[in-house]
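Working through the structure, step by step
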Amino acid sequence: MSRNDSADVIRMDIDRGVPMFNHGNAEGTVAVYMAAAEKLMRYGGLNAEERARLETGLKKAVAARNANASAWELRYALDDVNSSLHNNGRMQANAQMTR
């Protein structure tokens with residue numbers, strides 16, 4: 001999968017997850033975001049820093065206190081990776097590895 005394809009996966013899955021979350025289905029959002037992150041880890045053509053950011057997001061999501069928190073951890077990770085994909089593989093200085 002190309003880096004452009006990876007950015008498309010993120011955009012499409014965020015577009016799917018946001019309405020679910022906004023209608024009270026945080027668990028559905030987590031499932032969508034988790035599947036996207038796992039797909040990107042396997043096929044996304046990510047650099048080491050992007051993979052590390054997704055790994056951190058996945059770990060935090062699993063350890064989160066509830067589905068709302070889990071969804072946000074995954075969203076932060078997807079947003080950071082998406083930004084990097086659009087910035088020639090460079091994580092922004094404000095990428096939230098510690099959120």
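Going by the structure above, here's the rest.
Residues numbered from 1 in each chain as written. Predicted model: local features only at pLDDT ≥ 70, side-chain atom pairs only at ≥ 80, totals over all residues. Heavy atoms only, no water.

**Section: the nonpolar core**
One broad trend across soluble globular proteins is that nonpolar side chains are buried collectively. Heads up, the rule is: Only buried residues count toward a nonpolar core, which is a set of Ala, Val, Leu, Ile, Met, Phe, Trp, Tyr and Cys residues joined through side-chain atoms within 4.5 Å. Each residue is placed in one exposure class: buried if its accessible area under a 1.4 Å probe, protein chains only, is under 20% of its type's maximum, exposed if it is over 50%, and partly exposed if it falls in between. To qualify as a helix, a DSSP run of H or I must reach at least 4 residues; to qualify as a strand, a run of E must reach at least 2; elements of each kind are numbered from the N terminus. The contact rule is simple, with two residues in contact once any of their heavy atoms fall within 4.5 Å.
Ile10, Leu40, Leu54, Leu74 and Leu78 are the most contacted members of the largest nonpolar core, which has 22 residues in total. Of all the elements in the fold, those that place two or more residues in this core are helix H1 (3–22), helix H2 (26–43), helix H3 (48–63) and helix H4 (67–85). With 8 residues, H2 is the largest single contributor of residues to this core. The residues contacting Leu54, other than those within four sequence positions of it, are Ala37, Leu40, Met41, Leu46, Ala77, Leu78 and Val81.

**Some details on the packing of H1 against H4**
Any two packed helices are characterised by the angle at which their axes cross and by the distance between the axes. Test applied: To define axes, lines are fitted to C-alpha atoms, for helices over the stretch in contact only, and angles between the resulting N-to-C directions are given on a 0 to 180 degree scale. Should an angle fall under 35 degrees it is taken as roughly parallel, and over 145 as roughly antiparallel, whereas 65 to 115 is taken as roughly perpendicular and any remaining angle as oblique. Crossings are classed by handedness, with left-handed meaning an anticlockwise turn of the near helix from the far one by less than a right angle and right-handed meaning a clockwise turn.
Their axes nearest at 10 Å, the elements H1 and H4 cross at an angle of 150°. As the angle between them shows, H1 and H4 are arranged roughly antiparallel. Crossing geometry of H1 relative to H4 is assigned as left-handed. Contact residues: Arg3, Ser6, Ala7, Ile10, Ile14, Val18 and Phe21 in H1; Asn68, Ala71, Trp72, Arg75, Leu78, Asp79, Val81, Asn82, Ser84 and Leu85 in H4.

**Comments concerning H1**
For the record, the criterion: Working rule for helices: expected span equals 1.5 Å times residues minus one. This arc corresponds to the set of directions leading from the helix axis out to the C-beta atoms. Here a polar contact is recorded for every N or O atom pair within 3.5 Å, except that within protein the pair must consist of a potential hydrogen donor and a potential acceptor, and residues adjacent in sequence are included only if both atoms are side-chain atoms.
Across its 20 residues, H1 extends 28 Å between first and last C-alpha, which sits within 8% of the 28 Å expected from 1.5 Å per residue. Considered for burial, the residues of H1 that qualify are Ser6, Ala7, Val9, Ile10, Asp13, Ile14 and Gly17. Within H1, the buried residues cover an arc of 150° as seen down the axis, which keeps them to one side. On its buried face, H1 is in contact with H2 and H4. For H1, the N-terminal cap is Ser2; the gap from its side-chain oxygen to the backbone nitrogen of Asn4 is 3.4 Å. One or two steps after H1, the chain reaches Gly24, where phi turns positive at roughly 85°.

**Some remarks on the pattern of salt bridges**
Side chains that carry opposite charge are capable of pairing whenever their charged atoms lie near each other. Keep this limit in mind: Basic side-chain nitrogens of Lys or Arg form a salt bridge, by our definition, when they fall within 4 Å of a carboxyl oxygen of Asp or Glu.
All chains considered together, the criterion is met by 5 salt bridges. For Asp15, the salt bridge goes to Arg11, with nearest N and O atoms at 3.8 Å. Here Asp15 pairs with Arg11, and both are found in helix H1, just 4 residues apart, close to one helical turn. Asp15 sits in the partly exposed class, given a relative accessible area of 48%. Arg11 sits in the partly exposed class, given a relative accessible area of 45%. Asp13 is the salt-bridge partner of Arg16, the closest N and O atoms lying 3.3 Å from each other. Highlighted residues: Arg16 and Asp13, both in helix H1, separated by 3 residues, approximately one helical turn. For Arg16, a relative accessible area of 47% puts it in the partly exposed group. Overall, Asp13 belongs to the buried group, its relative accessible area being 14%.

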